[in-house]
Amino acid sequence: MEKYTELPFSLSVIMQRLPINNRWQSHQWKPLEVLPDVPGVHAHLLLDNDDEQRWLFPAFEARLYVDETPGYFLNLSSETPCWFIMWRFEEINGQQVAVPKSLTLSYDEAARQIDGGEQVDTLPISDEVAGWLAEYTQQHFRYEGKKQRKRPSFEGGEGVQKMAQAEAAFLKKAM
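Residues numbered from 1 in each chain as written. Predicted model: local features only at pLDDT ≥ 70, side-chain atom pairs only at ≥ 80, totals over all residues. Heavy atoms only, no water.

(A) The overall build of the protein chain, seen in detail. In terms of helices and strands, the protein chain carries four helices and nine strands. Beginning at the N terminus, the succession of helices and strands in the protein chain can be written as β-β-β-β-β-β-α-β-β-α-β-α-α. A separation of at least 24 residues holds for 63% of the contacts in the protein chain among residues at least 6 apart in sequence. Surface summary for the protein chain: the accessible area is close to 12200 Å², and the carbon and sulfur share equals 51%. (Helix = DSSP H or I, 4+ residues; strand = E, 2+ residues; numbered from the N terminus. Contact = heavy atoms within 4.5 Å. Areas by Shrake-Rupley, 256 points an atom, 1.4 Å probe, with all protein chains shown as cover.)

This is the structure we're talking about:
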């Protein structure tokens, strides 16, 4: 079985900087749009004025992995299925710019990125991408049911009982 499949085209992300009325922060960055890539284009500034700044970042591949299907299922089950865009600040031409680093459709992968301290924002997916994701998820998703919880050692259990018996036998021999 193939480990992954790719969307048949590359993607670009437009990041937007808007001013905000906040004593600690003068502006806010967020993804504005995910769109099909234009070949031969490099990251560049699209718009720069007092009210707004927009940057285009091209050449993102959208891959679906079989082991991420539970995360795709969660995404499709939400009210608004979306792209999860992980980004970081980088300096470009002497200014701090929010640069997208990855795109995913997996709720679980995005959660792992957030747990790792990354900045992740969302944008709704198109009907075309939703159809592609639904077809892939339906083909590969297997519900495994709830996994039985392993009892921690402090709750007792058979393993702890055996350890206590072994320790008692050892202490008895030592005396």
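Having seen the model, we can carry on.
(B) Region of the structure containing the sheet that holds strand 4 (residues 44-48). Across the sheet, four strands lie side by side as 3-2-5-4; this open sheet has antiparallel pairing. Each edge of the open sheet is held by one strand with a lone partner, namely strand 3 (27-36) and strand 4. Ignoring strand direction, the axes of neighbouring strands in this sheet form an average angle of 25 degrees. For strand 2 (residues 11-19) and strand 3, the ladder comprises nine bridges, and the chain directions are antiparallel. Counted as the bridge partner of Arg17 is Trp29 from strand 3. (Pairing = 2+ DSSP bridges. Axes fitted to C-alpha atoms, helices over the stretch in contact; angles between N-to-C directions.)

(C) Representation of the pairing of strand 4 within the structure. In terms of strand pairing, strand 4 meets strand 5 (residues 53-60) through four bridges, oriented antiparallel. Counted as the bridge partner of His44 is Leu56 from strand 5. If you look at the hairpin formed by strand 4 and strand 5, you'll find four residues sitting between the two strands.

(D) Region of interest: unusual backbone geometry. Positioned with a positive phi, Ala59 is a non-glycine residue whose angle comes to about 70 degrees. Looking at Ala59, the relative accessible area reads 55%, which means it is exposed. Despite not being glycine, Asn93 shows a phi value in the positive range, around 50 degrees. When you line up the elements, Asn93 lands in the loop between strand 7 (82-92) and strand 8 (95-104). (Buried < 20%, exposed > 50% of the residue type's maximum accessible area, 1.4 Å probe, protein only.)

(E) Local environment of the sheet that holds strand 7. Ordered in space as 8-7-9, the three strands form an open sheet in which the pairing is antiparallel. Strands with a single pairing partner mark the edges of an open sheet, and in this sheet they are strand 8 and strand 9 (119-124). Averaged over all pairs of adjacent strands, the angle between strand axes in this sheet comes to 40 degrees, irrespective of strand direction. Two elements, strand 7 and strand 8, share nine bridges in a ladder whose sense is antiparallel. Following the sheet pairing, Met86 is matched in strand 8 by Ser102.

(F) Local environment of a nonpolar patch on the surface. Residues Phe73, Leu74 and Tyr107 make up a contiguous nonpolar surface patch of roughly 290 Å² in combined accessible area. Here Leu74 is to be found in helix 1 (residues 69-77). (Patch = residues over 30% accessible without salt bridge, like charges linked within 9 Å, V, L, I, M, F, W, Y side chains within 5 Å. Salt bridge = Lys/Arg side-chain N within 4 Å of Asp/Glu carboxyl O.)

(G) Just the environment of Val129, in detail. As for its placement among the helices and strands, Val129 is situated in helix 3 (residues 127-140). Val129 gets classed as buried once you look at its relative accessible area, which sits at 4%. The spatial distance from the C-alpha of Val129 to the C-alpha of Cys82 is 9.5 Å, given a sequence separation of 47 residues. When residues no more than four places from it in sequence are discounted, the contact partners of Val129 are Leu7, Trp83 and Leu105.

Distances and angles like these do not, on their own, reveal function.
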